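Letter by letter, the chains look like this.
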Amino acid sequence: MLEKTVYRQLLSRAFDIPVSVTYWDGKTENYGEGNPVVKIKLNKQIPVKEITSAPTKTLAEAYMKKDLEIDGSIQALVTSAFSHTGSFLTNNPFLKHLPKKSHSEKASEKDIQSHYDIGNDFYELWLDDTMTYSCAYFEHEDDTLEQAQMNKVHHILNKLEPEAGKRLLDIGSGWGTLLFTAAEEYDLNATGITLSQEQYDYTKQQIKERHLEGKVDVIMEDYREMNDKFDYVTSVGMFEHVGKENLGIYFQKVSDLMKDDGRALIHGITGQHEGAGVDPFISEYIFPGGYIPNMAENLTHVMNAKLQLADLEPLRRHYQKTLEMWDQNYLKVFDQAVEKYGEEFARMWDLYLQACAGSFESGNIDVMQYLLTKQPSGTGLPMTRDYMYEDAKVKQTN
């Protein structure tokens, strides 16, 4: 009975929406005012010590194993927890003492491959045809996911104001959509680097099929080993993988790879508040070695690398919508995921996508684009930001 009393105390102040909880003994209790928006069912008693020490990991594992079931939106539940000051789910001092992860080149390669080399066939189930696995950019409410992903690629390239014939490097080039667009639509000579064998093989195949040999190349290499000079550097969803201790190295490397008059567009998940930057569930099951830096950390490293900020744009709502669309796609193929990867794995990914959407919705995390120059801010760029949207205007009139 003592454990159940502790459960009541924890759950009664965990959310800012009304929820019902059905305990392992079959008894149901409501928390919050009004009719329950989400119903939680505990099929098994989980030790309180495990919940309080690592709540997100413990409850996620229970959900994966069906020891915990949720009737209603996981996203709404996570949004509520992050929005409610003092929730045991988010106010957890244990996060400050997580063991440090190695981000050596060998460890980084293993971490990247553990996530991205699940198999292209898995990501093909629920990503759009561009195979883009990062925040989309919704110019219009009714943009399809594929349109929004292409909007994002154009938005990144437009911000650079690139000149045809010049060289672009994409650090962490994914499945290559930005590379192909840079070459085909902007007449750039594009090089990508990745540590994922699956992404490397896919990109190589696409280069051949699109007849882009000599215009696009992809290299399987750690960013720290790259030595060359480029007019433009892009990096999308990459700095979240390098580790807290390597952020300075990463931004310095971006600077080193840029020509003196070069420009860089760095796009990644960040935060607008002080936080742990890690989550035990995501660190163990989704992104080993991941760390989300806050905005102040990134800007400090930008300045230390002698780079200057030309533009900074938050895209939080865009990533929330991207994740919601990914999860809608994923739920349509959920049974296929169960058949191929097992039910625990399939439930884990649904939980992950919804939880991330909730984290963005609550403002717990954000995603930003940093436009950087080596020379004084804005050098070589138009005086106003209007140029960034000229391509979008052209598309609207066609």
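Residues numbered from 1 in each chain as written. Predicted model: local features only at pLDDT ≥ 70, side-chain atom pairs only at ≥ 80, totals over all residues. Heavy atoms only, no water.

## A short note on the pattern of salt bridges
Counting across every chain of the model gives 19 salt bridges. The shortest N-O distance in the salt bridge between Lys 244 and Glu 297 comes to 2.8 Å. With Lys 244 in the loop between β8 (230–236) and α10 (247–257) and Glu 297 in helix α12 (residues 295–304), the pair connects residues that are 53 residues apart, well separated along the chain. Glu 297 sits in the buried class, given a relative accessible area of 16%. (Salt bridge = Lys/Arg side-chain N within 4 Å of Asp/Glu carboxyl O. Helix = DSSP H or I, 4+ residues; strand = E, 2+ residues; numbered from the N terminus. Buried < 20%, exposed > 50% of the residue type's maximum accessible area, 1.4 Å probe, protein only.)

## Brief notes about the domain arrangement of the chain
According to the domain assignment, the chain consists of domain 1 (1–83) and domain 2 (105–396). Inter-centroid distance (C-alpha atoms) of domain 1 to domain 2 is 34 Å. The interface of domain 1 with domain 2 comprises 17 residues on the first partner and 21 residues on the second. Together domain 1 and domain 2 conceal approximately 1,700 Å² of surface at their shared face, both sides included; 61% is due to carbon and sulfur atoms. The largest per-residue losses of area from domain 1 upon contact with domain 2 belong to Tyr 63, Met 64 and Gln 75, which jointly make up 37% of the total buried on that side. Here domain 1 is connected to domain 2 by 10 residue pairs in polar contact (both at pLDDT 80 or more). When contributions to the side of domain 1 that touches domain 2 are tallied by element, the ones reaching two or more residues are α3 (55–64), β4 (68–71) and α4 (74–83). Of the residues contributing to the side of domain 1 that touches domain 2, the split by class is seven nonpolar, five polar and five charged. (Domains from an automatic or database assignment. Contact = heavy atoms within 4.5 Å. Buried area = accessible area lost by both parts, 1.4 Å probe. Polar contact = N/O pair within 3.5 Å; in protein donor to acceptor, adjacent residues only side chain to side chain. Nonpolar A, V, L, I, M, F, W, Y, C, P; charged D, E, K, R; others polar.)

## Let's talk about the packing of aromatic side chains
For the coordinates displayed, the defined rule picks out 31 aromatic pairs. Between Tyr 250 and Phe 251, the ring centres sit 5.1 Å apart and the planes meet at 80°, which makes this aromatic pair edge-to-face. Sitting over the face of the ring of Phe 138, Lys 321 holds its NZ or CZ atom 4.8 Å from the ring centroid. Against the face of Tyr 63 rests Arg 347, its NZ or CZ located 4.1 Å from the ring centre. (Phe/Tyr/Trp six-rings, centres within 6.5 Å; stacked < 30°, edge-to-face > 60°. Lys NZ or Arg CZ within 6 Å of the ring centre and 35° of its normal.)

## So, the sheet that holds strand β11 (residues 366–373)
Pairing is mixed in the open sheet, where seven strands are placed in the order β7-β6-β5-β8-β9-β11-β10. The sheet is open, and its two edges are formed by β7 (216–220) and β10 (308–314), each paired on a single side. Neighbour-to-neighbour, the strand axes of the sheet open up by a mean angle of 15°, direction not taken into account. Its contacts with the sheet put α12 on β9 (258–270), β10 and β11, and the angle it makes with β11 is roughly 15°. (Pairing = 2+ DSSP bridges. Axes fitted to C-alpha atoms, helices over the stretch in contact; angles between N-to-C directions.)

## Structural notes on the pairing of β9
Burial runs high along β9: 10 of the 13 residues are buried. Examined bridge by bridge, β8 and β9 share six bridges and lie parallel to one another. Each bridged residue has a counterpart across the sheet, and for Thr 234 the counterpart in β9 is Leu 265. In this fold, β8 hands off to α10, which returns the chain to β9; that crossover is right-handed. The pairing of β9 with β11 spans eight bridges and is classified as antiparallel. Considered in β11, the bridge of Ile 266 is made with Tyr 370. (Right-handed = clockwise from strand over helix to strand, strands pointing away.)

## A word on the sheet that holds strand β1 (residues 19–22)
Pairing is mixed in the open sheet, where four strands are placed in the order β2-β1-β3-β4. In this open sheet, the two strands that pair with only one neighbour each are β2 (28–31) and β4. Neighbour to neighbour, the strand axes of the sheet diverge by 20° on average, direction disregarded. Bridging between β1 and strand β3 (residues 38–42) involves four bridges; their strand directions are parallel. Residue pairing across strands places Ser 20 opposite Lys 39, the latter belonging to β3.

## Some points on unusual backbone geometry
One non-glycine residue, Asp 187, lies in the positive phi region at around 55°. As for its placement among the helices and strands, Asp 187 is situated in the loop between α8 (177–186) and β6 (189–194). Unlike most non-glycine residues, Lys 306 shows phi in positive territory, near 60°. If you trace the backbone, Lys 306 turns up in the loop between α12 and β10.

## As for the pairing of β1
Where burial is concerned, the two faces of β1 agree: the one with Val 19 and Val 21 and the one with Ser 20 and Thr 22 are both buried. Relative to β2, β1 runs antiparallel, the two being bridged by four bridges. Bridge pairing in β2 links Thr 22 to Thr 28. Counted between consecutive antiparallel strands, the loop separating β1 from β2 contains five residues, among which Gly 26 sits at a positive phi close to 90°.

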